[in-house]
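Remarks on the overall topology
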Amino acid sequence: MPRATVDAFEAVVDQLVGDTLFARARNLERHLGFGQIWLKFEGDNPTGTQKDRIAFAHVLDALRRGYDAVTVATCGNYGVALALAAEHAGMTCEIVIPEGYHTKRIAEMTARGAHVRRHPGTYEDAVEHSQALAKQNEWYDTNPGGANVHVQLTAYAEIATEIHDQLRDAPAAVAAPMSNGTTLAGLHRGFVRLDRRGRVSRVPRMVGGTSWRKNPIATAFRNHLDEVPELSPAAIRETVTNEPLINWRSLDGDAALLALRDTDGFAADVSDKRMQTMARLLKQEQGLHVLPASTAGLLALAALHEQSPLARDRYVAVLTGRAP
């Protein structure tokens with residue numbers, strides 16, 4: 001595919017990414033028993049996840065800055081999104097995947113023209129390897145926690161704008177799954193900007209859900225730490241369900257922890273079984289085919305309600321689609 005111009009690629013982004021489904025989940029409200037629950041379903045993006053937002057934003061930035069190739073380390077979804085964005089732009093896409101991960105989406109990456117390599121060790125090791133390759137080869141680095149992370153935070157801030165456009169204000173709380181913390185930090189940034197402009201009456205409480213005892217941000221929140229720690233890599237065990245959530249080093253963790261603390265937010269650990277059960281419930285009651293890991297934020301919101309009943313208000317959960 002020939003290299004796209006910036007204007008042509010911007011038109012592709014406008015057509016394909018964002019403005020995802022936002023709907024009230026009345027059936028789910030009856031199950032969980034609090035206020036209005038609104039679902040922001042990122043499965044409407046081209047590859048089924050919010051990762052399309054940052055992938056296309058990064059590739060647009062790379063085009064503007066004259067790069068020929070982009071790289072990322074991924075456990076699956078982000079790699080597919082970046083491969084698609086790079087294909088539309090006519091750019092080379094180099095993807096690093098941890099050797100032991102179970103993703104079934106490699107075929108989608110290679111079908112989009114991406115070059116996929118396995119790297120021994122953890123996801124964090126794969127990120128370091130991808131970043132090193134970027135420096136050695138002058139590729140654009142799209143990894144979380146890297147030099148271009150501001151692009152990700154700005155792209156995720158658009159989700160807040162879309163929620164505001166539908167509700168005409170901010171909800172009482174926004175819940176999202178939490179791994180590196182980038183999505184939560186970006187959502188927070190979006191609502192803070194809306195608040196500064198006087199477009200919302202409040203900044204919502206940020207709520208993050210993650211895998212049971214396998215995430216540094218939740219660990220810091222639970223233990224009232226000022227900074228996000230590194231966990232022991234040996235203590236992290238990935239499963240098919242929890243892979244999108246686990247890590248021993250959260251690359252944008254401090255920004256996410258700040259979002260939780262600044263909004264009187266909440267973080268909770270969730271078991272694989274509960275995520276799988278909630279995914280089935282959403283398919284049955286709301287007709288949404290979601291990635292089980294993406295229900296972690298919604299389950300954390302439900303756990304917050306169990307601890308202290310939430311006011312009758314509007315609450316939003318961000319969900320990711322599940323690949324067929």
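The structure we're discussing is the one just above.
Right, let's walk through the structure included here. Note that the structure is predicted; figures quoted are calculated from it, not measured.

Calculation notes
- Residues numbered from 1 in each chain as written.
- Predicted model: local features only at pLDDT ≥ 70, side-chain atom pairs only at ≥ 80, totals over all residues.
- Heavy atoms only, no water.
- Phe/Tyr/Trp six-rings, centres within 6.5 Å; stacked < 30°, edge-to-face > 60°.
- Helix = DSSP H or I, 4+ residues; strand = E, 2+ residues; numbered from the N terminus.
- Buried < 20%, exposed > 50% of the residue type's maximum accessible area, 1.4 Å probe, protein only.
- Expected span 1.5 Å × (residues − 1).
- Contact = heavy atoms within 4.5 Å.
- Core = buried A, V, L, I, M, F, W, Y, C linked by side-chain atoms within 4.5 Å.
- Pairing = 2+ DSSP bridges.
- Axes fitted to C-alpha atoms, helices over the stretch in contact; angles between N-to-C directions.
- Parallel < 35°, antiparallel > 145°, perpendicular 65-115°, else oblique.
- Nonpolar A, V, L, I, M, F, W, Y, C, P; charged D, E, K, R; others polar.
- Arc of directions from axis to C-beta.
- Polar contact = N/O pair within 3.5 Å; in protein donor to acceptor, adjacent residues only side chain to side chain.
- Salt bridge = Lys/Arg side-chain N within 4 Å of Asp/Glu carboxyl O.

Right, let's get into the packing of aromatic side chains. The full count for this structure, using the stated rule, is 5 aromatic pairs. Arranged with centres 5.2 Å apart and planes meeting at 15°, the rings of Phe-22 and Trp-38 form a pair that is stacked. Residue Phe-22 is located in strand S1 (residues 21–24), and its partner Trp-38 is located in strand S2 (residues 36–41); the two are separated by 16 residues in the primary sequence. Judged by its relative accessible area of 10%, Phe-22 is buried. With centroids separated by 5.3 Å and ring planes inclined at 85°, the aromatic side chains of Tyr-67 and Tyr-140 adopt a geometry described as edge-to-face.

A word on helix H3 (residues 51–64). When the terminal C-alpha atoms of H3 are compared, their 20 Å separation across 14 residues agrees well with the 20 Å that a helix rising 1.5 Å per residue should span. Of all the residues in H3, the buried ones are Asp-52, Arg-53, Ile-54, Ala-55, Phe-56, His-58, Val-59, Leu-60, Asp-61, Ala-62 and Leu-63. At its buried positions, H3 is contacted by helix H1 (6–16), S2, strand S3 (69–73), helix H4 (77–89), strand S6 (140–141) and helix H7 (149–167). The positive-phi residue at the C-terminal boundary of H3 is Gly-66, with phi of around 85°.

Here we take up unusual backbone geometry. Even without a glycine there, the phi angle at Glu-138 is positive, about 60°. Inspection of the secondary structure assignment puts Glu-138 in the loop between helix H6 (123–137) and S6. Despite not being glycine, Asp-264 has its phi angle at roughly 55°, a positive value. Inspection of the secondary structure puts Asp-264 in the loop between helix H10 (253–262) and strand S9 (266–270).

In this section: the nonpolar core. Counting residues in hydrophobic clusters, the biggest one holds 111 residues, and the most contacted among them are Phe-9, Leu-28, Leu-39 and Val-70. Considering each element in turn, this core owes the most residues, 9 residues, to H4. When sequence neighbours within four positions are dropped, the list of residues in contact with Phe-9 reads Ala-4, Phe-56, Val-59, Leu-60, Leu-63, Ala-85, His-88 and Ala-89.

Locating His-188 in the fold gives a position in helix H8 (residues 182–196). Setting aside residues up to four positions removed in sequence, His-188 forms contacts with Val-203, Met-206, Ala-259, Asp-262 and Thr-263.

What follows covers the sheet that holds strand S8 (residues 205–211). Across the sheet, 6 strands lie side by side as S1-S2-S10-S7-S8-S9; this open sheet has mixed pairing. At either margin of the open sheet sits one strand with a lone partner, and together these are S1 and S9. Within the sheet, the average angular offset between the axes of one strand and its neighbour, ignoring direction, is 20°. As paired strands, S2 and strand S10 (residues 314–319) are joined by 6 bridges and run parallel to one another. Residue pairing for S10: Gln-36 is matched across the bridge by Arg-314.

This part covers the packing of H1 against H3. At a minimum axis distance of 10 Å, the contact between H1 and H3 shows a crossing angle of 170°. Taken together, the axes of H1 and H3 are roughly antiparallel relative to one another. Here Val-6, Phe-9, Glu-10, Val-12, Val-13 and Leu-16 of H1 come into contact with H3, specifically with Phe-56, Val-59, Leu-60, Leu-63 and Arg-64. The class makeup of the residues in the contact of H1 with H3 is 9 nonpolar, no polar and 2 charged.

Okay, H1 next. Among the residues of H1, Phe-9, Val-12 and Val-13 are the ones counted as buried. Mapping the buried residues of H1 onto a view down its axis gives an arc of 100°, with all of them on the same face. H1 presents Asp-7, Asp-14 and Gln-15 as exposed residues on the side facing more than 90 degrees away from its buried surface. For H1, the secondary structure elements touched by its buried residues are H3 and H4. Among the residues trailing H1, Gly-18 stands out with phi positive, at a value near 90°.

With respect to the helices and strands, Thr-47 occurs in the loop between S2 and H3. Residue Thr-47 is classed as buried on the basis of its relative accessible area of 12%. Apart from the residues within four sequence positions on either side, Thr-47 is in contact with Asp-52, Val-80, Ala-81, Leu-84 and Arg-105.

Along the chain, Ser-271 falls in the loop between S9 and helix H11 (272–286). Considered as a pair, Ser-271 and Val-174 are 97 residues apart in the sequence and their alpha carbons are 20 Å apart. Here Arg-274 takes part through its backbone nitrogen, which lies 3.2 Å from a polar atom of the side chain of Ser-271.

To continue, consider the pattern of salt bridges. Considering all chains together, one arrives at 17 salt bridges under this definition. The shortest N-O distance in the salt bridge between Arg-65 and Asp-61 comes to 3.0 Å. Judged by its relative accessible area of 17%, Asp-61 falls in the buried class. Between Asp-313 and Arg-202 there is a salt bridge, with its nearest N and O atoms 2.9 Å apart.

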